[in-house]
Amino acid sequence: MTPIRCLASWRGGGRPRGFVVSLAIAFGLITGHTSHDQGTARADDALGVARGISVVLGLPQPSGPQQLVKWADANECLMYFQSGDEGEVAAVRAAAAEARLLGTRVFAEHGAAQAIHLADNLADTVRIAPALAEVVPREEVLRVLRPGGRALAGAQEWIKPQPEGVDAWSHPYHGPDNNPCSTDQLARAPFRTQFLAAPMFSPMPEVTVAAGGRIFKAFGHIAHKANQNEVLNTLVCINAYNGTVLWQRALRPGFMIHRNTMIATPDTLFLADDESCKLIDAASGDVRDEIVITRDQADGPVWKWMALVDGVLYALVGGQEVQVDTIRSDVRGIGHWPWGMWKGHEYADPRTNFGFGRTFLAIDPATKSVRWTYRNDEYIDSRGVCLAQGRLFFYVPEQFLGCLQTADGQVLWKNQDRDLLEAIGPNGSAQHYVTGYATQTYIKCDRERIFFAGPQRERLVVASAEDGHLLWQKDCGNLQLVLRDDGFYCAGPQQGAEDVGGKYTYDGQRLTSAPIRRACTRATGSIDSVFYRTTGGTVRVDVNSDRAEHIAPMRPPCQDGVIISDGLLFWGPWMCGCQLSLYGHIGLGPAGAPRAPAPEPQLQQYAEPTARLAPLQIDRGDWCAYQRDNLRSSYTSVHLPEAVRPAWSYRLPTPEWPTAPVLAGGLTFVADRSGAVRALDERGELRWTTLTGGPIYYAPAVADGRLFVGSADGRVYAMEAVTGKLLWTYRVAPEARWIPVYGKLISTWPVAGGVIVDRGVVYAAAGIAHYDGTYVVALDAVTGQPRWRNDTSGALSPTVNCGISLQGELQLRDDELR
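Remember, it's a predicted structure, so these values are computed and weren't measured experimentally.

1. Focus on helix 2 (residues 86–98)
- Taking 1.5 Å of rise per residue, the 13 residues of helix 2 would be expected to cover 18 Å, and the 18 Å separating its terminal C-alpha atoms lies within 8% of that figure.
- Listing the buried residues of helix 2 in full gives Val89, Val92, Arg93, Ala95 and Ala96. Looking straight down helix 2, one finds that the buried residues subtend no more than 165 degrees of arc, so they occupy a single side.
- In this structure Asp85 caps helix 2, since a side-chain oxygen of it lies 2.7 Å from the backbone nitrogen of Gly87.
- The first or second residue beyond helix 2 is Arg100, which carries a positive phi of 60 degrees.

2. What about the packing of helix 1 (residues 65–74) against helix 2?
- Viewed as axis vectors pointing N to C, helix 1 and helix 2 meet at an angle of 50 degrees, and their least axial separation amounts to 9 Å. The angle between helix 1 and helix 2 falls in the class oblique. The way helix 1 lies across helix 2 gives a crossing that is right-handed. Judged by residue contacts, Pro65, Gln66, Leu68 and Val69 of helix 1 engage Ala91, Val92, Ala95 and Ala96 from helix 2.

3. Overview of the sheet that holds strand 17 (residues 302–309)
- Reading across the sheet, the four strands line up as 17-18-19-20 and stay open at both edges, with antiparallel pairing between neighbours. Of all the strands in the sheet, the pair left with one neighbour each is strand 17 and strand 20 (369–381). Here the average twist between neighbouring strands, direction ignored, is 20 degrees.
- One ladder, built from eight bridges, connects strand 19 (residues 356–364) with strand 20; its direction is antiparallel. For Thr359, the partnering residue across the bridge sits in strand 20 and is Arg375.

4. Overview of the pairing of strand 29 (residues 480–484)
- Of all the five residues making up strand 29, five are buried; the element is thus mostly covered by neighbouring parts of the structure.
- Burial along strand 29 is two-sided: Gln480, Val482 and Arg484 facing one way and Leu481 and Leu483 facing the other are all buried.
- Note that strand 29 and strand 30 (residues 487–491) share five bridges and pair antiparallel. Opposite Arg484, over in strand 30, you have Gly487 as the bridge partner.
- Where strand 29 folds back onto strand 30 in an antiparallel hairpin, the turn is made up of two residues.

5. Side note on the sheet that holds strand 11 (residues 234–239)
- Spatial ordering of the open sheet is given by 9-10-11-12, a layout of four strands whose pairing is antiparallel. The open sheet terminates on both sides in strands that have one partner only, identified here as strand 9 (204–211) and strand 12 (245–250). In this sheet, adjacent strand axes meet at a mean angle of 15 degrees when their direction is disregarded.
- Bridge analysis of strand 11 against strand 12 gives five bridges, and the strand direction is antiparallel. Note that in strand 12 the partner of Val236 across the bridge is Gln248.

6. Comments concerning the packing of aromatic side chains
- For the structure on display, the rule yields 28 aromatic pairs.
- Seen in terms of ring centroids, Phe394 and Phe400 are 5.8 Å apart; in terms of plane orientation they differ by 85 degrees. Their pairing is edge-to-face.
- Phe394 sits in the buried class, given a relative accessible area of 0%.
- Residue Phe400 is classed as buried on the basis of its relative accessible area, which comes to 6%.
- Three or more aromatic residues joined by ring pairs make a cluster, and in this case those are Trp305, Phe360, Tyr374, Phe394 and Phe400.
- For the cation-ring pair, Arg127 lies above Trp71, with the distance from its terminal atom to the ring centre recorded as 3.7 Å.
- A cation sits over an aromatic face here: Arg383 above Tyr347, 4.0 Å from the ring centre.

7. Comments concerning the environment of Pro338
- Position of Pro338 relative to the elements: it lies in the loop between strand 18 (312–318) and strand 19.
- Taking the relative accessible area as the measure of exposure, Pro338 reaches 54% and is therefore exposed.
- Expressed as a C-alpha distance, the spacing of Pro338 and Val231, which sit 107 residues apart in the sequence, is 19 Å.

8. Some remarks on the environment of Ile618
- Examined against the element boundaries, Ile618 turns out to sit in the loop between strand 40 (603–605) and strand 41 (646–652).
- Accessibility expressed as a relative area gives 33% for Ile618, which makes it partly exposed.
- Leave out the neighbours within four places in its chain, and Ile618 touches Cys624, Ala664, Gly665 and Val702.

9. A look at the pairing of strand 5 (residues 123–128)
- Along strand 5, six of the six residues are buried, which leaves the element largely enclosed by surrounding structure.
- As judged from the four bridges shared by strand 2 (residues 51–57) and strand 5, these two strands associate in the parallel manner. For Val55, the partnering residue across the bridge sits in strand 5 and is Val126.
- On the question of chirality, the crossover connecting strand 5 to the parallel strand 6 (residues 145–153) by way of helix 3 (residues 138–144) is right-handed.

Reading guide: rules and limits
Residues numbered from 1 in each chain as written. Predicted model: local features only at pLDDT ≥ 70, side-chain atom pairs only at ≥ 80, totals over all residues. Heavy atoms only, no water. Helix = DSSP H or I, 4+ residues; strand = E, 2+ residues; numbered from the N terminus. Expected span 1.5 Å × (residues − 1). Buried < 20%, exposed > 50% of the residue type's maximum accessible area, 1.4 Å probe, protein only. Arc of directions from axis to C-beta. Polar contact = N/O pair within 3.5 Å; in protein donor to acceptor, adjacent residues only side chain to side chain. Axes fitted to C-alpha atoms, helices over the stretch in contact; angles between N-to-C directions. Parallel < 35°, antiparallel > 145°, perpendicular 65-115°, else oblique. Left-handed = near helix turned anticlockwise from the far one by under 90°. Contact = heavy atoms within 4.5 Å. Pairing = 2+ DSSP bridges. Phe/Tyr/Trp six-rings, centres within 6.5 Å; stacked < 30°, edge-to-face > 60°. Lys NZ or Arg CZ within 6 Å of the ring centre and 35° of its normal. Right-handed = clockwise from strand over helix to strand, strands pointing away.

If you want it as structure tokens, here you go:
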């Protein structure tokens, strides 16, 4: 429980009452469980999902709210309850608050059953009360269910089918050709936020693959800030549709993971290290089998590179490498981090370099039998290996470019032409925040060509896939390439060359320009977009118009870029504290067709505006708003003694963070992230509690006998200050669409920055990210009727799709709402 202590107050001469809030909080970003299955049930959960989002429509009978709370307490799901009966919603909120689950595990929303107030493809389960089984449209249930999710509607059971046209990000660079361009037909602009989730921060390095509705993230060995220590050397499996961490397991320390040795399939994750290739059950995280390379098969057991094509596993395996050291950090904060030539990243000796080996193998994963082996005298650099159309291309630095036939491992050709090797040149060190990572691959291919580009390269080089002869070259090789059917895109570089970014033909002719890439982040592509980092976050190049738009609140993670899989886009946690608004693991989905407005009105009035309010005597020194006033000035002329004994204390009956309190008319008002608003009298005794539908992040405001508060359910609430009686609510959010945000369910457009009350008008703003839309309103404080509404601040510049993303508290200064 969270204590609030209120110091002794001063009455004489209208001087302000001083106060201090003391709170104890514990916030876990990721759970310590090692294995959880999307299909593993806990007690009392007939639908069999232990983690994720569980929807309940209508009260279960006969025990009603208590049964729902019992379900929530029996597993680790976030439980979303919706009912058209406000009494049922109030009862569920009250029962969940009593069980200390409101706002953490249970979320209750008022709304007719015909329209579920959740984003598409979000819920793992839906449970419909028998009385509503014929009322809730099946298509609406299937809309909110994730693919593979289950619903019970009376005696009926529905399972959402897998959609057609989705693609997986099965290899670290999408596929074995290393071309980071998805063919997913569903992940199309415009986009809306699907979830914001943990992990919040990433150590270095980070590798991500995805398939079958799951995302697999391998976190490496170097933490630059203390907030990264939690996932050092950790593999995490995440629900791709709602961001839930399903399971996690430790990675083998000492192995540098930033390489092509992770492959995702719908049922198996292939994960290789310096011992073996583990076949990990995708649902549970358990190791089902291992493939170990023996001494007679290669000159060491270390997996350098691998690819999975048509059920055959291709691998480069070799000797022991430099063993990296796990580096923890005690540095607090989220600031920038130092670059350096960490152990092994100088690539000093091919015998011990990361990813250098001499033996290719083709392996049947089912039997673990080796189909063929190719051994080379010189060391092959796995950063220079890719596979496409039955041919495996590989590069021995400054020696030759080669090609194997994947059917039998026979050499198709080796090219040692001087002009080719001179064009490719020596490998650069490339361990710098501008140029990038020494460990990143620098080769990709299509049917006809092999491309050399990336942080180690001085030139962009294109060779023939038929025999390896040089086709053409271009100065400046620190380019991030995305290959498409109609040409390829170059992103970058930030420094050191002429403006070369844009779209090119495959014979090297530049067709369009594009914004300069910011620093090291790689480019990726979807069916209609190319994504990479710019100074202001993420740039999205629309491939149909070649117009550059901005997704400003977050940047692509350093070593992954934007991942596209299962119809969604993913920004992973990153390892530095750049100037950003959103952190963590972020999912975006296609906005789809506009939905019909929710049937309930935006304004709901619960009392006559002319009704007489209980009197509340405001003193000149009262603090009626967050940080005292609408300027947020936190100013007081009162001199507080060095030691003040508390006049009273009150322990909040919730595990959730409280807001700062406000004081008016002898009452102390405080809200919290469970959605509760409370009033305490001068003795510290609870006067009243009123529950809203979402977390409250900033303190209420008091004026003219009324208390106003903004909630993350997207609404402004007006209450009678003395009694807590609800007077009216107004939904600032344009529609009722809830999503998971850092372990809670809230509106896509929360009123999270508090409210301003000034001269009979309540001002509020709703939103998270500009691309979802930002909405600002002025409401009549007595009636709740809108005076004006601004719905354009999220799109101030339509040519680049850029605008205001809300962050922090509102303030009123110089007649400007800021």
